[in-house]
Amino acid sequence: EAADLPSGRPIVTAGLVDLGGCAWGERPARLGRRTWDRPVVDVGALSGRAAAWVERTGVPKLVVASQTSVLEVAVDEHGAWIPGVPLVAVLAPPARLWPLAAALASPAVSAWLLARAAGTALAPQALKASAPLLRQVPLPTDPIAWDEGTAAFRAGDLDGFAAAMGRAYGVDASVARWWETRAKRVWSRAEGPR
């Protein structure tokens, strides 16, 4: 717990990643068959592959839940979080983090992912994201709408985000409606993505 090890780095689990935010310290996490309020890792005590993973991902990044109803993405602007298994860490230049998060979190990408990975997750209605599949995600074709979608994502505006990213990808409004029914359950409830 962070209270016992104030110098520890936060470890984020799949259950803490929401669409647009991370609930570390706001709701409990399950790790090693235990429940933690604010789980941290003593980085100095790590060695081998675990130490290498923490070093490689100790930079600004996106953290993506690997099995979810829509692609859930949180932005770690400061590189403070340690992504726990089975989260996917997406490394990118800091200036590209929010635009890439908006693209990955968009209705069009959830629909795209569903078409490629339907039935591969543990739950029948869940999407399964992997690093190789995320590397294949097409980027939006309308840069102005993409900028608007990124701003809405950062502001926590679900409707504005879905509409702008629909325009950015040039998809029908029905994709956003399908996505919103799923996304409302996992959208970050804070004043905006964290």
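Preceding block: the structure.
Heads up: these notes are all about the structure in this document. Worth saying up front: this structure is predicted, and the values here are computed from it rather than measured.

Turning our attention to helix 5 (residues 143-155). Here helix 5 spans 18 Å end to end across 13 residues, near enough to the 18 Å set by a 1.5 Å rise per residue. Those residues of helix 5 not exposed but buried are A145, W146, G149, T150, A152 and F153. Angularly, the buried residues of helix 5 cover 165° about the axis, an arc narrow enough to put them on a single face. Among the exposed residues of helix 5, those oriented more than 90 degrees off its buried face are P143, I144 and D147. Of the surrounding secondary structure, the elements contacted by the buried residues of helix 5 are strand 9 (73-76), helix 2 (97-105) and helix 6 (158-169). Of the residues flanking the start of helix 5, the one acting as N-cap is D142, its side-chain oxygen 3.1 Å from the backbone nitrogen of I144.

This part takes up the sheet that holds strand 11 (residues 88-91). Overall, antiparallel pairing links the 3 strands, which are arranged 9-7-11 in an open sheet. Of all the strands in the sheet, just strand 9 and strand 11 have a single pairing partner and so form its edges. Taken over all neighbouring pairs, the strand axes of this sheet differ in orientation by 25° on average, direction set aside. Of the strand pairs in this sheet, strand 7 (residues 61-64) and strand 11 are connected by 4 bridges, and their pairing is antiparallel. Bridge pairing in strand 11 places L62 opposite V90.

Here we take up the pattern of salt bridges. Applying the stated rule across the entire model yields 4 salt bridges. In this structure, K61 engages D76 in a salt bridge whose closest nitrogen and oxygen atoms are separated by 2.6 Å. Of the two residues, K61 sits in strand 7 while D76 sits in strand 9, which places them 15 residues apart along the sequence. Assigned by exposure class, K61 and D76 land together as buried. Salt-bridge contacts for R167 lead to E148; the nearest nitrogen and oxygen are separated by 2.6 Å. Of this pair, R167 sits in helix 6 while E148 is found in helix 5, placing the two residues 19 residues apart along the sequence. Classification of E148 by relative accessible area gives partly exposed; the value is 38%.

Whether parallel or antiparallel, the strands of a sheet pair through hydrogen bonds between backbone atoms. Read across the open sheet, the 3 strands follow the order 6-1-10; overall the sheet is mixed. With one partner strand each, in any of the chains shown, strand 6 (40-41) and strand 10 (82-83) form the two edges of the open sheet. Examined bridge by bridge, strand 1 (residues 9-12) and strand 10 share 2 bridges and lie parallel to one another. The residue bridging V12 from the neighbouring strand is P83, located in strand 10.

Turning next to the environment of L87. In this structure, L87 sits in the loop between strand 10 and strand 11. Taking the C-alpha atoms as reference points, L87 and V59, 28 residues apart in sequence, are found 15 Å from one another. Each residue touching L87, except ones within four places of it in the same chain, is listed here: V12, T13, A14, V17, V63, V64 and A65.

Bringing the side chain of K61 into the picture now. On the accessibility criterion, K61 (0% relative accessible area) is buried. A polar atom in the side chain of K61 sits 3.2 Å from the backbone oxygen of V59. One polar contact links K61 to D76, side chain to side chain, over a distance of 2.6 Å. Beyond its immediate stretch of four places on either side in the chain, K61 contacts A74, V75, D76, G79, A80, W81, P83, A89, V90, L91 and L97.

Moving on: unusual backbone geometry. Omega for the peptide link from V85 to P86 comes to 10°, which places this bond in the cis form. Take P86: it is sitting in the loop between strand 10 and strand 11.

Quick notes on the rules
- Residues numbered from 1 in each chain as written.
- Predicted model: local features only at pLDDT ≥ 70, side-chain atom pairs only at ≥ 80, totals over all residues.
- Heavy atoms only, no water.
- Helix = DSSP H or I, 4+ residues; strand = E, 2+ residues; numbered from the N terminus.
- Expected span 1.5 Å × (residues − 1).
- Buried < 20%, exposed > 50% of the residue type's maximum accessible area, 1.4 Å probe, protein only.
- Arc of directions from axis to C-beta.
- Contact = heavy atoms within 4.5 Å.
- Polar contact = N/O pair within 3.5 Å; in protein donor to acceptor, adjacent residues only side chain to side chain.
- Pairing = 2+ DSSP bridges.
- Axes fitted to C-alpha atoms, helices over the stretch in contact; angles between N-to-C directions.
- Salt bridge = Lys/Arg side-chain N within 4 Å of Asp/Glu carboxyl O.

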